[in-house]
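Observations on chain architecture
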Amino acid sequence: MKVLVTGGAGYIGSHTCVELLNAGYKIIVVDNLSNSKLVALERVKEITGKELEFYNVDLLDKVALYQVFSNHRIDAVIHFAGLKAVGESVSIPLKYYHNNITGTLNLCEVMQAFGVNRMVFSSSATVYGLQEDVPFSEEIPLQTTNPYGRTKLMVEEILRDLYVSNQNWSIALLRYFNPVGAHPSGYIGEDPSGIPNNLLPFITQVAVGKLSELKVFGNDYDTHDGTGVRDYIHVVDLAIGHIRALENVLNTAGVKAYNLGTGTGYSVLDMINAFEKVTGIAIPYQIVDRRPGDIGTSYANPTKANKELKWVAHKGIEEMCKDAWRWQSYNPNGFDTKVKHKALK
C-alpha cells in the first residue's frame with residue numbers, strides 16, 4: 001500500500017510519516033521545504049529504521065506533481081501541504097488563497113487523472129470560528145474569521161463538491177485542535193521559524209533560554225483562571241488519528257469531518273504549571289492584551305472520531321510537556337542543532 005504524503009517534512013507530517021512506516025505503509029513525501037527541513041525526514045528514517053521516497057515538489061507545480069504520480073502507483077493521499085500562520089494570512093491573504101487552494105486543486109486534478117480517490121485532508125478547528133458554546137461538534141455552523149481558516153473551509157467545500165461529482169471518492173476532513181509535544185525519541189518535533197505562534201514551543205524556547213519570557217495574551221476571559229482555554233493534543237496521538245482515518249477512507253466512500261482533540265480544555269496557566277512541574281524550570285511570563293479574534297474557550301467533542309475511527313487521544317498534558325521539552329533540550333536550535341543525539345528509546 002503506497003501513500004503519498006504532501007507536506008510530509010513538516011511538524012505533523014513528519015510524525016505521521018513515522019506512524020505510517022511503523023504500520024507497514026510505503027510512503028512518498030512531496031514537500032517544497034518552504035516551512036520545513038529535509039533533516040526531519042532523515043530522522044524519521046532513523047526512528048523507524050525504514051526508507052521513504054522524497055520529492056522536492058511544490059503543489060503549484062502541476063507538471064512535477066504529475067510526474068510523481070507517473071513514477072508510482074499511489075493508493076491514497078494524506079494532504080498536509082499548505083501555509084498555516086493565521087497572522088501572516090491576514091497580512092498576505094492572496095498568497096494563502098493561491099497556495100492553499102490552487103495547490104489542492106492541482107492535487108485533486110492529478111489524483112483524478114490517475115484514478116486515485118482516497119484522501120485524508122489536514123483541516124483545522126479554525127473552521128468553527130468564534131463559537132460561544134463548547135465543546136465543538138462537527139455539526140455546528142462553520143464561521144471562520146481569518147484567511148487561513150477560510151482556505152481550510154473552502155477546501156472542505158471543494159472536496160464535498162468533488163464527491164458529489166464522483167461518488168467513488170472517499171475523503172476524511174480532520175479538524176485539528178491544538179497539536180503540541182514531540183516524538184518521545186526527541187528526534188523530531190515542532191521547529192518554528194522566528195518567534196513561535198503556538199504556546200508550548202514558546203514555553204520551551206523560554207526554558208532553553210532563546211526567549212526571555214512568555215507573553216500571555218489576556219487574563220480576563222470567562223475561564224477558571226482568566227486565561228484562554230484550549231484543547232491541546234499530543235502530536236503522536238494526532239498522527240495516529242491519521243492512520244485510523246486512512247484505514248477508514250480505504251474501506252468507505254463519502255466525505256466525513258472529524259474532530260481530533262482530547263475533549264478537555266486547559267488554560268495557558270495550566271500548561272505553564274504542568275511544564276514547570278515536569279521539568280523543574282520556572283517560566284517567567286507577562287500578561288499582555290488579548291489578541292484580536294481570540295476566544296476564551298475552545299475544545300473538541302471527539303465522540304465521532306472515537307466511534308467511527310476507533311481513535312482516542314491517550315496522552316495527557318504532562319506527557320505533552322515532557323516530550324516537548326525533550327525535543328527542545330536535545331535540539332536547542334531545532335533541526336539546525338549539530339549534536340549527536342542520545343540513543344533512541
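Residues numbered from 1 in each chain as written. Predicted model: local features only at pLDDT ≥ 70, side-chain atom pairs only at ≥ 80, totals over all residues. Heavy atoms only, no water.

Notes on the sheet that holds strand β14 (residues 297-298)
Sheet strands associate in pairs through backbone hydrogen bonding, adopting either a parallel or an antiparallel arrangement. What the three strands build is an open sheet, ordered β12-β9-β14; its pairing is mixed. Across the chains shown, the open sheet's two edge strands, defined by having one partner strand only, are β12 (266-267) and β14. Pairing between strand β9 (residues 229-230) and β12: two bridges, direction antiparallel. Bridge pairing in β12 links V229 to S267. (Pairing = 2+ DSSP bridges. Helix = DSSP H or I, 4+ residues; strand = E, 2+ residues; numbered from the N terminus.)

Describing the packing of helix α9 (residues 268-279) against helix α11 (residues 317-330)
Relative orientation of the contacting elements α9 and α11 amounts to 65°, with a least axis distance of 9 Å. Crossing hand, α9 versus α11: right-handed. Contacts between α9 and α11 involve D270, M271, A274, F275, K277, V278 and T279 on the former and, on the latter, I317, E318, C321, K322 and W325. Taken together, the residues of the contact of α9 with α11 break down into seven nonpolar, one polar and four charged. (Axes fitted to C-alpha atoms, helices over the stretch in contact; angles between N-to-C directions. Left-handed = near helix turned anticlockwise from the far one by under 90°. Contact = heavy atoms within 4.5 Å. Nonpolar A, V, L, I, M, F, W, Y, C, P; charged D, E, K, R; others polar.)

Here we look at the nonpolar core
Counting 42 residues, the largest nonpolar core has V5, L20, I27, L174, L246 and L260 as the members making the most contacts within it. Breaking this core down by element, the ones donating at least two residues are β1 (2-6), α1 (11-22), β2 (26-30), α2 (39-48), β4 (76-79), β6 (170-176), α8 (235-250) and β11 (254-260). Considering each element in turn, this core owes the most residues, seven residues, to α8. Leaving out residues up to four positions away in the same chain, L20 has contacts with V5, Y25, I27, I78, I243 and L246. The next biggest cluster of nonpolar side chains, apart from the first, holds 26 residues, and it includes V68, V110, M111 and F121. (Core = buried A, V, L, I, M, F, W, Y, C linked by side-chain atoms within 4.5 Å. Buried < 20%, exposed > 50% of the residue type's maximum accessible area, 1.4 Å probe, protein only.)

Details of the pattern of salt bridges
If you walk through the whole model with that rule in mind, you get 11 salt bridges. For K37, the salt bridge is made with D191, and the minimal N-O distance between the two is 3.7 Å. Separated by 154 residues along the polypeptide, K37 in the loop between β2 and α2 and D191 in the loop between β7 (178-180) and α7 (199-207) bring together distant segments of the chain. Judged by relative accessible area, which is 25%, D191 ranks as partly exposed. For E318, the salt bridge goes to K277, with nearest N and O atoms at 2.9 Å. Linking E318 in helix α11 with K277 in helix α9, this pair joins segments that are 41 residues apart in sequence. By relative accessible area, E318 is classed as partly exposed at 32%. (Salt bridge = Lys/Arg side-chain N within 4 Å of Asp/Glu carboxyl O.)

Things to note about helix α5 (residues 93-113)
Between its first and last C-alpha, α5 extends 30 Å over 21 residues, near the 30 Å set by a 1.5 Å rise per residue. Along α5, the residues classified as buried are Y96, N99, N100, I101, G103, T104, N106, L107, C108, V110 and M111. Tucked inside the fold, the buried residues of α5 contact β1, α3 (62-71), β4, α4 (86-91), β5 (118-124) and α6 (147-165). Where α5 ends, the next residue or the one after it, G115, has phi of about 70°, a positive value. (Expected span 1.5 Å × (residues − 1).)

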